[in-house]
Structures are given as structure tokens and as C-alpha cells.
Amino acid sequence: MNSIMLMLSDANTQWVLVGTLLLGLASGVLGSFALLRKQSLIGDAVAHAALPGICIAFLLTGERSLIVLLIGATITGLLSAYCIQYIVSSTIIKEDTAICLILSVFFGFGIVLLTKVQQLPSGNKSGLDAFIFGQAASIVGSDVKVMAGAAAILVFITAILFKEFKVITFDPEFAKGLGLPIGFLNFLFISLLVGVVVVGIQAVGVILMAALLITPAIAARYWTNSLSKMIVISGMFGAFSGVVGTMISALGQGLPTGPFIVVTATAIFVISMLFAPERGIIAKKIKQKIYYKQLNEAGTKGRVS
Amino acid sequence: MLNPVDVKNLTVAYQKKAVLKNVTFTVPEGKLIGIIGPNGAGKSTLIKAVLGLIPKASGEVKIYNKKYRAKDRIVGYVPQRGSVDWDFPTSALDVVLMGRYGHVGWFKRPSKQDNQIARECLEKVGMEGYADRQISQLSGGQQQRVFLARALAQDAKVYFMDEPFVGVDAATERAIIDLLNELKSQGKTVLVVHHDLQTVKDYFDDCLLLNVETIASGPTEQVFTMENLHQTYGGKLAFLEQGKMMVEQK
Amino acid sequence: MSYEAWILIIGSMAGITCGVVGCFLILRKLSMLADAISHTVLLGIVLAFLISQSMNGLYMLIGAAAVGLLTAVFVQLLHSSGIQEDASIGVVFTFLFAIGVILITIFADNVHLDVDHALMGEIAFVPFDLVQIGFLPPLPKAFLMLASVLIINLVIIVLFYKEFKITSFDPQMAAAIGIPVLLIHYLLMGMVSITTVASFDSVGAILVVAMLIAPGASAYLLTNKLSVMLLLSAVFGVIAAVVGYYAASYIDASISGCMAMMNGIIFLLVFLFSPSKGILSKRLPQKKLHEQIGK
């Protein structure tokens, strides 16, 4: 207990907690839309595809400035999302295969570049491999401000475009009929998704970033049937996972942050799946039992009469 | 005489909704039977439950007085066309050959004879010229004919067909119905999920009117009445008027 | 045999076995599940090590196959409880992978596995890790593992070719004629798991996904016959491994990364130039048509 108090009094830890809290919030919010748009795994591909972007940015500028690295990650992230959509729309290859293909090839390219970075005299100290699993502890104050600012902007944009995103998610054809610029909104949404992934990779890592998009969102889905409530709940679950995961990983030496955030989020999901009223497994089982009983009783009565 | 299909008190439920409730009917051998009812009446579900593809909540299904087992190979099934991947790397002949897989058995390859049978089945549906086409390069009607050929290749005694007439052109519809009559003349029993009330009287010897529960089943001229249609379709007027015309037509 | 020859042989064998299994994954729309399994076998390997306290390949295969199947089962459970499939996959694999990473970091001192190795593989060291079995000369462990998995996979595919084919093409029909669709599904998942673990030492968990999916995707765009697709996929797997190796030694970078990249390049070429399904071949007739209409 003491160690937790000690940790919380540390200024850098406080910053990191604020950062992961905002990150969890933003990814919970955008993840809800991604889930309903069935684009959850595109987030996974984008996260993996961020690796080559980070490496290229580092190789070009030779310095580890977070903003520069994030710009690199954004470019390759967007490129990967575009490639997936292009492959799906122009060939018989289905989306899952396209996602897998792009994810692994971009990641392979990233690994190639990473080996080159590590051969540089400055590369060994670059700490770029922290991006693979996330190392929240390595985040410094200035990085947190970038992260927090970006996360806040993402949430803000999503909030003002809430009803537009809602209608293009639920019924794109209808949205077209309303005269909404579908193409632009889709592009904007993918950009926001890439944005949140890119912001998150330093804390959670490229491989596990997808969890922060998916897990809080489906956990939230169990508690409500309203989109706006789902997004709020998902944002809270995400924020909670971010904070708890960061605290656990800060307790030990060199523990990666991402995996603990993911485990926390999954625990919330399992609890939701089992115990949520109405939609939870246990509640559903009970209802089904009652219904079968009624059905059987009605059946026997029917035969008698 | 043995009844090809005998269903008693079949109930199927998805979560809290009963899709089929106490459905009971028997089907005589060597007939064409239409399964008729509105959307959501449970027509496809009925077929799947009979074939054991989905679990039933209660009830009993017998095929030729025995519990249905796929390995007895007496049942042929033509699912709705939506259920397959049209981009699959396979040709029309190859699809028909799949109908023989039940006969070939584990670990073995289809023989020359199986190949021959598949070719004959393609010929019967008038598709022999398209044997090597990739299936996505066929029109909707042609795809449906290939699927029928596959069912023929199964060489079963009872056939279940789920909406074989949906999305096909008039020529294919004609070809399908000829084929069904040929199957009938060979003493086979064919159950067809059907949508179009106009053609019921022309196509089917027997009918099963279904809307979650059995409304009526038996010879078409007895069962296909205004009253029964009323009960089956409830207040859906368009259908009813159409139905009325059809009933009075003959 | 020379060092280089061993790497080429091992890479090619990984290419063949992944390429063949991958075709079925693509056709059954299970690519993402394979991606998931390739991540979660890490947990299987760590558990196998922690329980057996050895790096014995057999234990690793068993552990990986078990966790791989567990992944497939979990995904199936979540999916049938009403969660959409992509999200089920996302939840399950990130969780199991996270547990694997945590275990490795906690037991870092006595696990001779480090995370980088697990992700990227170390094909460069594979020829030095020799074992001797019976009267055979000492052979690289990775070679023996890949050879056994390749044989197992090929035997299974040859024996159950038509079952795999029909359950991929039309699962409803397959179930109706009495083929155990679910069993075939788990059989394939088991094959993916052991394939992943056998390739693990050489190319790493994530890059194995490239070897599983990319050759099959390229082959898919070139043929309308399943048997040809399987063959082409194996050939592409080998080409990517061989060219990837030489590219890696030329630019002095990660071998497995280059193999994955080469798979991507092959796909890009096919994507552009495939005679029937490529982008350019689709464009050209259209252009000609426009020109004709223009006249």
C-alpha cells in the first residue's frame, strides 16, 4: 500500500496516469464506433503498421521527438487502412485476409527498419522497441502533454460529430440520402481511429493497441442498448483500464504497461459478460429457462385440449 | 407404407423466441410438396431442424421411420444460395462433384464413376457447356442449376430445397420444375420452400402451410384455400388478394 | 551442409507449410483467427517452459497446440454468445498474448526466451541449435520440427482434402451430408498452431502471419482451382523465403522481416499484374472500351 502511495506522489507518475486515463477514454469512445462499424481489427492493422512509420521518421530525422515519430506513424497507419480498403474493393480478397496481409507485411517492414535503426550509433538508445509493447514509464512530461492534448482533441471531434457518425454507422445508405458527405466522414473516422492508435502505442504498444479499442467497447455493449450511453461507459472502462494497468506496471521493475492494461480491460469485459443485467449470460440463461418452462407447459396444455 | 418425412410436435426456439411451435406433419412418398408461409414463418428453420443442423427444443423427426442420420445418405439438401462463397476457386463440375462426397466416404477421392455421374447431372440441368467455368462467372439462374445438379448427384430419396426459385430467370424456373417432376417420376420426394403463391397450384401436389405453427398440410386442392391462407398470412393484404385470385382461378 | 543452405531449407519449409495451410484460412475467412493464434502460441510456449522447465520442442508443440485450440474455442464461445466475430478475436488474442508477455517478463531470469525473439524469430541462429536423433547426423532442431509439421500437415490435407474443400465452400451442405464441420475446423486450428510454433524459432510469431496469409492471397488471385492455388501458394512461400534471405544479407537486416516483406512484394506484383484478377488487367479492357466508345 505504501509503495502505491509513494508512486502516486511522484510527479512523473501522475502525468503518466493522466495520459493513460485520457488515452483509455479516447480509445473507448472511438472503439465503440469501430466495433459497431465492424472495423475493430482495422485498428489492429493500423497499430502494427505504425511501426515502419516510427522507424522511418526516426531514420529521416535522427532524433526521438515524439511528435515527429507520431507523424510518421500516422502516415503509414493511414496508408495501411487505405491499402486494406483498396484491396477489398478491387479484388475478390475478403476483408479479414486483407487486414492480416497488410498487418503482417507492414509489421515485417517495420522489423526490417527496426534492425537498421538499432545498427545506428544513436539507434541503440532510441528506445524504439518500447513501442512494441508500450512502456508508460518511459513517457516523460512533454510526451504526456502531446498524448493528452491529442486524446482530448479526438474525443472533442467525435463529440461534435456524434450524430453524423451515428447515422453513417447504422445506415450508410440512409445517410447518403440525407446528403451527408459519406466519403469524407468515413475518411475522417478512419483518421480519428489512426489518431487514437498512434497516440496509444507508446503506452500500450503496437501489438496490444487493438485491445484498447475493442475490449472496453464490447464490455460496454452489455450494459446498455443506447449508443450514447455505450460510448460513455466504454470511455470510462477504457480510462479505468489505462489507470489500473499503468499502476500495476509501475509497481515492478521494467514491467511493460500494455499487457497489464489489456488484462484489466479483459477482466472488466468478463465481469460484464457474466453479470450485466438484461444482456449478461447469467441473466439470459435464467430468462431462457423460464421461457422454456412456459413453452413446455403451454405445449402440454395444447395437446390436452 | 413408410412416410419419407414424419415430424411430430417440433419446437425450435432462438433464445426467447419460438421460431417453430409444435409443428406436426407427414409427407407421402413420391410427391412434390410446397412449404408455404410468410417471412419469418420458420420455413428454412424447419428444414434445418429436420436435417439436425440446428438443435430443437422438443419434438421428434423421422425420415423413413428412422432417426435422421446424415450417413444414411437418403436426404439431399439445396440450401439458399446466399450460404456459399462464390469466389471460391472451384468450377461448376467440381461443385456438382461435391454432391458425391457423402458417397465417397472418408480418405477416398471421387472415382471416375463419380465424375461421370457429376457430368450427367450437369447435363440434366442443361449446364454441360459450363462445366469448367468458375462459379462466380455464372448467372444467378445458372448457379442455381449447378446447385440442383449437385443435389441430383447426391442421389437421395428425399430432397429439401430452400427457395430454389429466388433470383432465377423464367427459363431456369421452367427447367427446375421439369427436373422436380422427373425426380417425382423416379419415386423421390421433394420438399420445396416456396414464396410465390401464384404458382403453388401448378407446381405442388401437396402443401404445408406454416406460420410458426402448422396451419394445414395435405393435398394442395384441399389445403390451399382462402381460409387457410388467411390464417397463414394474417392481415397481409397484398398476399391475400393475390392468393384469392389464385384460389379462384381453378 | 553449409550454414546458408540450412537457412534456405528451413525458410523454404516454413514457406511451404505455412503457404498450404494459409490457403484454407483464406477460403474459410479465418485469417484473423490465424493471426490471433500466432500471437497466443507465445503463451503456450511460455507455459510449456514453466511447467517442464525445458526448451524441448515436443513440449513446446503440445503447449502451443493446446493454447492455439483454446484460442479458437474461446473465440467460438464469445461469438456464439452474440459478440461479433472480429471483436471476439480481438478480445481473446490480446488477452492471452498479454498474459504471455507478462509471464515472460516476470520469469525473465530463468526463461531463455525473450520477447523480441518470440516476435521476430532468429533464423540466423537456427542452424547452430543441433540435436541428434538415432543414427542420423546432428540436425538443426528447427529443421526437424518443421519437417515433422510439414509432413503432418500434408498428410492431413491429402487425407481430408475433400472434407476441407466442402466445409470451406459450403458448410451447410457439408453438415447436411454428415461431415463433422466443427471437428474439421478445430483440426485446421490445430494445424495452424503447430505450424506457428514450428516456424516460431525461425521467423517469429507475427511474421509467421505474413507467411501464412500472403502466399495464399497471391495464389487466390491467380487461379480458379483449389489444387493449383495450394501449389502456387507453396511456391510463393519458397520464393519469398529464398529471395527474402538474400535481400536480408544484402541490406544486413532482419531475415524474417525481409521474408515477410518479400511476401508483400510478391502479392503487390500479383495484385497489379494477375492476368485475370489483377488491377491492370481489369483496367486495360475498360480503357480500350472507352477508347472504342470515344471513336
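Residues numbered from 1 in each chain as written. Chains lettered and ligands numbered in written order. Predicted model: local features only at pLDDT ≥ 70, side-chain atom pairs only at ≥ 80, totals over all residues. Heavy atoms only, no water.

1. Side note on the overall build of chain C
Thinking step 1. When helices and strands are counted, chain C shows 13 helices and 2 strands.
Thinking step 2. The C-alpha atoms of chain C give a radius of gyration of 20 Å, which matches the 19 Å a tight globule of 295 residues would have.
Thinking step 3. Projecting the C-alpha coordinates of chain C onto the three principal axes gives extents of approximately 75 × 50 × 35 Å.
Thinking step 4. Residue burial in chain C is summarised as follows: out of 295 residues, 61% are buried.
Thinking step 5. In chain C, once contacts between residues fewer than 6 apart in sequence are set aside, the share between residues at least 24 apart is 72%.
Thinking step 6. Accessible surface, chain C: about 11,000 Å² in total, of which carbon and sulfur atoms supply 72%. (Helix = DSSP H or I, 4+ residues; strand = E, 2+ residues; numbered from the N terminus. Rg over C-alpha atoms; globule rule 2.2 N^0.38 Å. Buried < 20%, exposed > 50% of the residue type's maximum accessible area, 1.4 Å probe, protein only. Contact = heavy atoms within 4.5 Å. Areas by Shrake-Rupley, 256 points an atom, 1.4 Å probe, with all protein chains shown as cover.)

2. Describing the packing of helix α11 (residues 209–221) of chain A against helix α12 (residues 227–251) of chain A
All names here are of chain A.
Thinking step 1. The N-to-C vectors of α11 and α12 enclose an angle of 130°; their axes lie 8 Å apart at closest approach. Taken together, the axes of α11 and α12 are oblique relative to one another. Considering how the two elements wind past one another, α11 and α12 form a crossing that is right-handed. Facing Pro216, Ala217, Ala219, Ala220 and Arg221 of α11, the residues of α12 in contact are Met230, Ile233, Ser234, Phe237 and Gly238.
Thinking step 2. Partitioning the contact of α11 with α12 into residue classes produces 7 nonpolar, 2 polar and 1 charged. (Axes fitted to C-alpha atoms, helices over the stretch in contact; angles between N-to-C directions. Parallel < 35°, antiparallel > 145°, perpendicular 65-115°, else oblique. Left-handed = near helix turned anticlockwise from the far one by under 90°. Nonpolar A, V, L, I, M, F, W, Y, C, P; charged D, E, K, R; others polar.)

3. Details of the sheet that holds strand β6 (residues 75–78) of chain B
To summarise the sheet geometry, strands pair through backbone hydrogen bonds and adopt either a parallel or an antiparallel arrangement.
Residue and element names in this part refer to chain B.
Thinking step 1. Strand order in the open sheet made by the 6 strands is β6-β7-β8-β3-β9-β10, with mixed pairing throughout. Two strands bound the open sheet, and with one partner strand each, they are β6 and β10 (213–219). Strand-to-strand, the axes of this sheet are offset by a mean angle of 15°, without reference to chain direction.
Thinking step 2. Contacting β6 and β7 (158–162), helix α5 (residues 140–154) runs over the sheet at an angle of about 170° to β6.
Thinking step 3. Of the strands in this sheet, β3 (32–36), β9 (206–211) and β10 are in contact with helix α9 (residues 226–233), which crosses β9 at around 35°. (Pairing = 2+ DSSP bridges.)

4. What to know about the interface of chain A and chain C
Thinking step 1. Each partner contributes to the interface: chain A provides 53 residues, whereas chain C provides 53 residues.
Thinking step 2. Summing the contributions of chain A and of chain C, the shared interface buries around 4,400 Å²; its carbon and sulfur component is 79%.
Thinking step 3. Where chain A packs against chain C, one counts 0 salt bridges.
Thinking step 4. Taken together, the links from chain A to chain C amount to 10 residue pairs in polar contact (both at pLDDT 80 or more).
Thinking step 5. Looking at the side of chain A that touches chain C, the elements with two or more residues in it are α3 (40–61), α4 (66–90), α5 (95–119), α6 (130–133), α11, α13 (257–275) and α14 (281–304) of chain A.
Thinking step 6. Across the side of chain A that touches chain C, the residue classes break down as 33 nonpolar, 13 polar and 7 charged. (Buried area = accessible area lost by both parts, 1.4 Å probe. Salt bridge = Lys/Arg side-chain N within 4 Å of Asp/Glu carboxyl O. Polar contact = N/O pair within 3.5 Å; in protein donor to acceptor, adjacent residues only side chain to side chain.)

5. Notes on the packing of α4(A) against α5(A)
All names here are of chain A.
Thinking step 1. Two elements in contact, α4 and α5, have axes whose closest approach is 9 Å; the angle formed by their N-to-C orientations is 145°. For the element pair α4 and α5, the recorded crossing hand is right-handed. Residues Thr76, Leu79, Ser80, Cys83, Ile84, Ile87 and Val88 of α4 lie in contact with α5, whose contacting residues are Glu95, Ala98, Ile99, Leu101, Ile102 and Phe106.

6. Some words on a nonpolar patch on the surface
Residue and element names in this part refer to chain A.
Thinking step 1. There is a patch of nonpolar side chains on the surface, built from Ile271, Phe275, Ile282, Ile286 and Ile290 and spanning about 490 Å² of accessible area.
Thinking step 2. Where the nonpolar patch is concerned, the elements lending two or more residues are α13 and α14.
Thinking step 3. Top contributing element to the nonpolar patch by residue count: α14, with 3 residues.
Thinking step 4. Its place among the elements puts Ile290 in helix α14. (Patch = residues over 30% accessible without salt bridge, like charges linked within 9 Å, V, L, I, M, F, W, Y side chains within 5 Å.)

7. A few points about the confidence of the model for chain C
Thinking step 1. Per-chain confidence: chain C averages 85 in pLDDT, with 91% of residues scoring 70 or above.
Thinking step 2. When pLDDT is averaged over each helix and strand of chain C, the minimum, 65, is found for helix α5 (residues 115–120) of chain C and the maximum, 94, for helix α11 (residues 226–251) of chain C. (pLDDT = per-residue confidence, 0-100.)

8. A few points about the sheet that holds strand β5 (residues 66–67) of chain B
Residue and element names in this part refer to chain B.
Thinking step 1. The antiparallel open sheet is built from 4 strands, whose spatial order is β2-β1-β4-β5. Both edges of this open sheet fall to β2 (17–27) and β5, since each of them pairs with a single strand only.
Thinking step 2. Sheet topology note: the strand β4 (residues 58–63)/β5 ladder contains 2 bridges and is antiparallel. Considered in β5, the bridge of Ile63 is made with Lys66.
Thinking step 3. Here helix α1 (residues 43–50) sits on the sheet in contact with β1 (5–14), β2 and β4, set at roughly 115° to β1.

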